[in-house]
Amino acid sequence: MRNDWDDLRTILFMVRHGSLSSAAQALGVNYTTVSRRIAHAEEQYGTRLFDRLPQGYVPTDAGREAAEFAERMETSETEFRLKVAGREAQLSGSLKVTAPQLLFGRHLATVLDQFLNLHPNVNLSIRASNEVLNLNRREADLAIRISDSPGDTLMGRRLTGQKTASFCTREVYERIEADPAKRVNWLAFSHAMASPLDSYPNGRIRLVFDDMAALLEATKAGLGVARLPLFLGREQNLILVPYLPPQPFLDIWVVAHKDLWANAKVVAFKELLVAFFRKNRALFEVAS
């Protein structure tokens, strides 16, 4: 039975990820294992599940049907695991937490340290990623997200609001101070932030970034002025430019699957997060 589920799960991941190498990486096996499992499933079911074409493995109708069936099995298994995990009252075992990379600076590091000191029997693993992991599939147990909502299928708690302000290096700031009439180079973020030129016309957008980490590094390198979340500009010791008023930015949330919301390890981690953000809210919301 286990081999049958392994084969079906491999078919699902092959359809979901589109290539032998990607499916293998997601499953944590090598690509020859993926190929062998697909061949075994085709032999067992007596039908071709994938056409081997020059562009790769393309699912047949039977392959797509097998993947849909496997996905239903995966969903049922995950729901059962979540319900069992939600009943856990022990502060031991594994806990997977994910958050955007830039939040794991000096701030969240203190929360991690507190948690590990208080609960040494918990095996805490961190996924620092901007990728939004699927908590319904338990790719993580708990997520810290910068968002305007926790998501319809998740439980969430708003930790803090955020504001952005204009930041630059001291050298760039001194150039602006020396000649306020000179055109200012701006570095823009393409997501969820107003253009600085809306209220500061004496400037030009020199570069646009779709990644906050890249925007931050360009600002630190002195390429121009950028709107950044307050905590981030302060953490990097950049200079706050007073020409533009602070603007609201996306909130910071802690979210989890509804069946894990009352899990003892999740609750313990949430409590430390809430206490940290309550104590340090000014770092995220107050520009002065």
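Just so you know, these numbers come straight off a predicted model, no measurement behind them.

(A) A look at the overall build of the protein chain. A tally of helices and strands in the protein chain yields 10 helices and 11 strands. Taking all 288 residues of the protein chain together, 44% fall into the buried category. The contacts in the protein chain between residues at least 6 apart in sequence include a share of 70% that link residues at least 24 apart. Per element, the accessible surface of the protein chain, about 15200 Å² overall, is 50% carbon and sulfur.

(B) Structural context of the packing of aromatic side chains. Scanning the model with the defined rule gives five aromatic pairs in all. Ring centres of Phe50 and Tyr57 lie 6.1 Å apart, and the angle between their planes is 55°; on these two criteria the pair is classed as tilted. Each member of the pair, Phe50 as well as Tyr57, is classed as buried. Ring geometry for Phe276 versus Phe277: centroids 5.1 Å apart, planes at 85°, classification edge-to-face. Note on accessibility: Phe276 and Phe277 belong to one class, buried.

(C) Region of the structure containing the side chain of His119. Within the secondary structure, His119 is located in the loop between helix H5 (106-118) and strand E4 (122-128). In contact with His119, other than residues within four places in its own chain, are Leu91 and Ala268.

(D) Geometry of the pattern of salt bridges. All chains considered together, the criterion is met by 10 salt bridges. A salt bridge links Asp141 to Arg138, with the nearest nitrogen and oxygen atoms 2.7 Å apart. Here Asp141 falls in the buried class, since its relative accessible area comes to 2%. Among the residues examined, Arg138 registers a relative accessible area of 24% and is labelled partly exposed. Linked by salt bridges that have partners in common, Arg158, Asp251, Arg281 and Glu285 make up one network.

(E) Molecular detail of the pairing of strand E7 (residues 184-189). Here E7 lies mainly inside the structure; five of its six residues are buried. Of the strand pairs in this sheet, E7 and strand E8 (residues 203-209) are connected by six bridges, and their pairing is parallel. Looking at E8, one finds that Phe189 is bridged to Phe209. Note that E7 and strand E9 (residues 225-229) share two bridges and pair parallel. Along E9, the bridge assignment pairs Trp186 with Val225.

(F) Molecular detail of helix H7 (residues 212-220). Within H7 the residues assigned to the buried category are Met212, Leu215, Leu216, Ala218 and Thr219. The buried residues of H7 occupy an angular sector of 165° when projected down its axis, which confines them to one face. Buried residues in H7 make contact with strand E6 (154-168), E7, E8, E9, helix H8 (230-235) and strand E11 (247-257). Where H7 starts, the residue carrying a side-chain oxygen 3.1 Å from the main-chain nitrogen of Ala213 turns out to be Asp211. Trailing H7 by a residue or two, Gly222 shows a phi angle of about 85°, which is positive.

(G) How the structure looks around the environment of Ala39. If you trace the backbone, Ala39 turns up in helix H3 (residues 31-45). Given the relative accessible area of 38%, Ala39 is considered partly exposed. With 10 residues separating them in the primary sequence, Ala39 and Leu49 have C-alpha atoms 8.7 Å apart.

(H) Region of interest: the nonpolar core. With 41 residues, the main nonpolar core has Ile144, Phe269 and Leu273 as its most contacted residues. With eight residues, the single largest contributor to this core is helix H9 (residues 264-279). Aside from chain neighbours lying at most four places away, what touches Phe269 is Leu95, Val97, Val111, Leu112, Phe115, Leu124, Leu142 and Ile144. Counting 19 residues, the second largest nonpolar core, distinct from the first, contains Phe13, Ala24, Val34 and Ala41.

(I) Up close: H9. When the terminal C-alpha atoms of H9 are compared, their 23 Å separation across 16 residues agrees well with the 22 Å that a helix rising 1.5 Å per residue should span. Regarding H9, the residues found buried are Ala264, Lys265, Val266, Ala268, Phe269, Lys270, Leu272, Leu273, Val274, Phe276 and Phe277.

(J) Examining the pairing of strand E1 (residues 50-53) more closely. Pairing of E1 with strand E2 (residues 56-59), which is carried by four bridges, proceeds in the antiparallel orientation. Bridged to Leu53 within E2 is Gly56. With antiparallel pairing between neighbouring strands as the criterion, E1 and E2 make up a hairpin whose turn holds two residues.

Cut-offs used in this document
- Going along each chain's sequence as written, the residues are numbered from 1 onward.
- pLDDT decides what is reported in this predicted model: residues at 70 or higher carry local features, side-chain atom pairs at 80 or more are listed and counted, and totals for whole chains, interfaces and linings draw on all residues regardless.
- The basis for every side-chain value is the complete set of heavy atoms in the structure, and neither hydrogens nor water enter the calculation.
- Put simply, DSSP marks the helices as runs of H or I at least four residues long and the strands as runs of E at least two long, and each gets a number from the N terminus on.
- Residue burial is assigned from relative accessible area. The probe radius is 1.4 Å, only protein chains are included, and a residue is buried under 20% of its type maximum, exposed over 50%, and partly exposed in between.
- Whether two residues touch is decided by their heavy atoms; if any such pair falls within 4.5 Å, the residues are in contact.
- All accessibility values rest on the Shrake-Rupley procedure with a 1.4 Å probe; residue burial counts only the protein chains present in the view.
- Two rings from Phe, Tyr or Trp (for Trp, the six-membered ring) form a pair when their centres are within 6.5 Å of each other. A pair whose planes differ by under 30 degrees is stacked, one over 60 is edge-to-face, and the rest are tilted.
- Put simply, a salt bridge is a Lys or Arg side-chain nitrogen that is within 4 Å of an Asp or Glu carboxyl oxygen.
- When DSSP finds two or more bridges between two strands, those strands count as paired.
- Regarding the arc, it is the one traced by the directions from the helix axis to the C-beta atoms.
- Between N or O atoms, a polar contact is any pair within 3.5 Å; within protein, one atom must be a potential hydrogen donor and the other a potential acceptor, and residues adjacent in sequence are included only when both atoms are from side chains.
- Joining through side-chain atoms within 4.5 Å is the link that ties buried Ala, Val, Leu, Ile, Met, Phe, Trp, Tyr and Cys residues into a set, and such a set is a nonpolar core.
- The length a helix should cover is 1.5 Å for every residue beyond the first.

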